[in-house]
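Each chain is listed here by its residues.
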Amino acid sequence: ILNFCANNYLGLSSHPEVVQAGIDALKTHGAGLSSVRFICGTQDLHKNLEQKLAEFHEREDCILYASCFDANAGLFEVLLGPDDAVLSDELNHASIIDGIRLCRAKRLRYKHMDLKDLEEKLREAQSSRMRLVVTDGVFSMDGDVAPLRGICDLAEQYGAMVFIDECHATGFLGPRGRGTDELLGVMDRVQIVNSTLGKALGGAAGGYTVGPKPLIDLLRQRSRPYLFSNALPPPVVGCATRAVELLLASNEIAQSMTAKTMRFRNKMTQAGFTISGSSHPICPVMLGDARLASLMADDMLKHGIYVIGFSYPVVPKGKARIRVQISAAHTDSDIDRCLDAFIQTGRKHGVIS
Ligand code: PLP
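Note that this is a predicted model, so its numbers are computed, not measured.

Chemist: Mind showing me how you'd approach the overall build of the protein chain here?
Modeler: Across its full length, the protein chain holds 13 helices and 14 strands. Against the 2.2 N^0.38 benchmark of 20 Å for 353 residues, the protein chain shows a C-alpha radius of gyration of 21 Å, consistent with a compact globule. The dimensions of the protein chain, computed from C-alpha atoms along their principal axes, are 60 × 55 × 30 Å. Counting the 353 residues in the protein chain, one finds 56% classified as buried. A fraction of 72% describes how many contacts in the protein chain between residues 6 or more apart in sequence connect residues 24 or more apart. Here the protein chain displays about 14,800 Å² of accessible surface, and carbon together with sulfur accounts for 52% of that area.

Put into structure tokens, the structure is as follows:
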């Protein structure tokens, strides 16, 4: 069975060098630290990975968390007080929504990727001491990319900072895989980036914030999920470090994923399917009806293709889909097998003729 529903965009979770780095770290540094970072949970491995991630994102410093959920839960409360305002895309990830709930800033939700609405909300927030615009770089249900250039223009015009969650972009979006900010040419205009080690960067676990050094210093002193939760285990850190090193050395893996994504998207469109988004490896095959998405996913499994149907409340009513995720680990013939299965099941269910 071929897996087409993992966030393993670059196939690094089974890369021999990544796996070996985990084994090596287990042997040299042990299974775990039995401690949070600031007591006795910081090893050379953690500092080294933080430095490599800062380098990768071209930011001053980095702080690791047990997950990106934690990174999102731990940021806003530290940064923003009751005199500040946070402007958040209505479709941001649940962990951002929860993180924002924990802070006491004025909350303004703008319509999904709607710059006009964002501008209105920025005007509304002008009396606040500080403004932070918060968006996913890529939204995982549709694979749509936030209009970061317009967001940065508005942020500069209205004196706001910009935060992006790059879980579905780090490692493969942009000419060197640095993310949505690189893709859209705004790496020097986005102040704070959160991302995960649990998707393209080896797929194990872990999250982080990169940004200005004073912010990272402050997070180390005050961020609750960092202060009160165990350090990442050495094997997890070892795997992620090797993944980042591979990506710092070459963009070949990301390019191969992009080529495979375009192969799938083009052939599916030619076959008559509607694929949402434009070039992201998240390829939502739009079906509309929830039951149809579920039945088709079951049939795909009978053809040896593992995909999942998404329906309300995960996506809006009437927008059920099968979310296919392309990985560098797929071969061209894997992609074609997936395509054949879609054509057969799509015909059976009357989705295509
Ligand atoms: N942010 C986004 C956009 C995500 O898709 C996810 C994972 O589903 C997270 C944050 C949480 O990441 P993690 O699994 O590292 O907690």
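There's plenty left to go through after this.
Chemist: Explanation requested: the site of the ligand in the structure shown.
Modeler: By nearness alone, 13 residues border the ligand, and Cys68, Asp165, His168, Thr196 and Lys199 come closest of all. Here Cys68 contributes a backbone N or O atom positioned 2.8 Å from an oxygen atom of the ligand. With respect to the ligand, the backbone of Phe69 contributes an N or O atom lying 2.9 Å from an oxygen atom. It is helix 3 (residues 68–79) that provides the largest number of residues to the shell around the ligand, a total of 3 residues. A per-class count over the shell around the ligand returns 3 nonpolar, 7 polar and 3 charged.

Chemist: Please clarify how empty space enclosed by the protein should be interpreted in this entry.
Modeler: Summary: where empty space remains is shown by rolling a probe the size of a single water molecule over the atoms. Taken as a whole, this structure holds 1 cavity of 30 Å³ or more when the rule is applied. In this structure, the largest cavity spans a volume of roughly 80 Å³. Forming the boundary of the largest cavity are Arg37, His46, Leu64, Tyr65, Ala66, Pro225, Tyr226, Ser229, Asn230, Ala231 and Leu232. Of the residues contributing to the lining of the largest cavity, the split by class is 7 nonpolar, 3 polar and 1 charged.

Chemist: Please clarify how the nonpolar core should be interpreted in this entry.
Modeler: Inside soluble globular proteins, nonpolar side chains tend to come together where they are buried. Leu10, Leu53 and Leu197 are the most contacted members of the largest nonpolar core, which totals 57 residues. A total of 8 residues in this core trace back to one element, the largest contributor, which is helix 10 (residues 234–249). Not counting chain neighbours up to four residues away, the residues in contact with Leu10 comprise Gly171, Phe172, Ala200, Leu247, Ile253, Ala254, Met257, Ser327 and Ala328. In terms of nonpolar packing, the next biggest core, distinct from the first, is built from 27 residues, Leu2, Phe264, Ile275 and Ala293 among them.

Cut-offs used in this document
Residues numbered from 1 in each chain as written. Predicted model: local features only at pLDDT ≥ 70, side-chain atom pairs only at ≥ 80, totals over all residues. Heavy atoms only, no water. Helix = DSSP H or I, 4+ residues; strand = E, 2+ residues; numbered from the N terminus. Rg over C-alpha atoms; globule rule 2.2 N^0.38 Å. Buried < 20%, exposed > 50% of the residue type's maximum accessible area, 1.4 Å probe, protein only. Contact = heavy atoms within 4.5 Å. Areas by Shrake-Rupley, 256 points an atom, 1.4 Å probe, with all protein chains shown as cover. Near = heavy atom within 4 Å. Polar contact = N/O pair within 3.5 Å; in protein donor to acceptor, adjacent residues only side chain to side chain. Nonpolar A, V, L, I, M, F, W, Y, C, P; charged D, E, K, R; others polar. 1 Å grid on protein atoms, 1.4 Å probe; cavity = no way out; pocket = protein on both sides within 12 Å on 5 of 7 lines; lining within 4 Å. Points joined across faces, edges and corners; volume = space filled by probe spheres on them. Core = buried A, V, L, I, M, F, W, Y, C linked by side-chain atoms within 4.5 Å.

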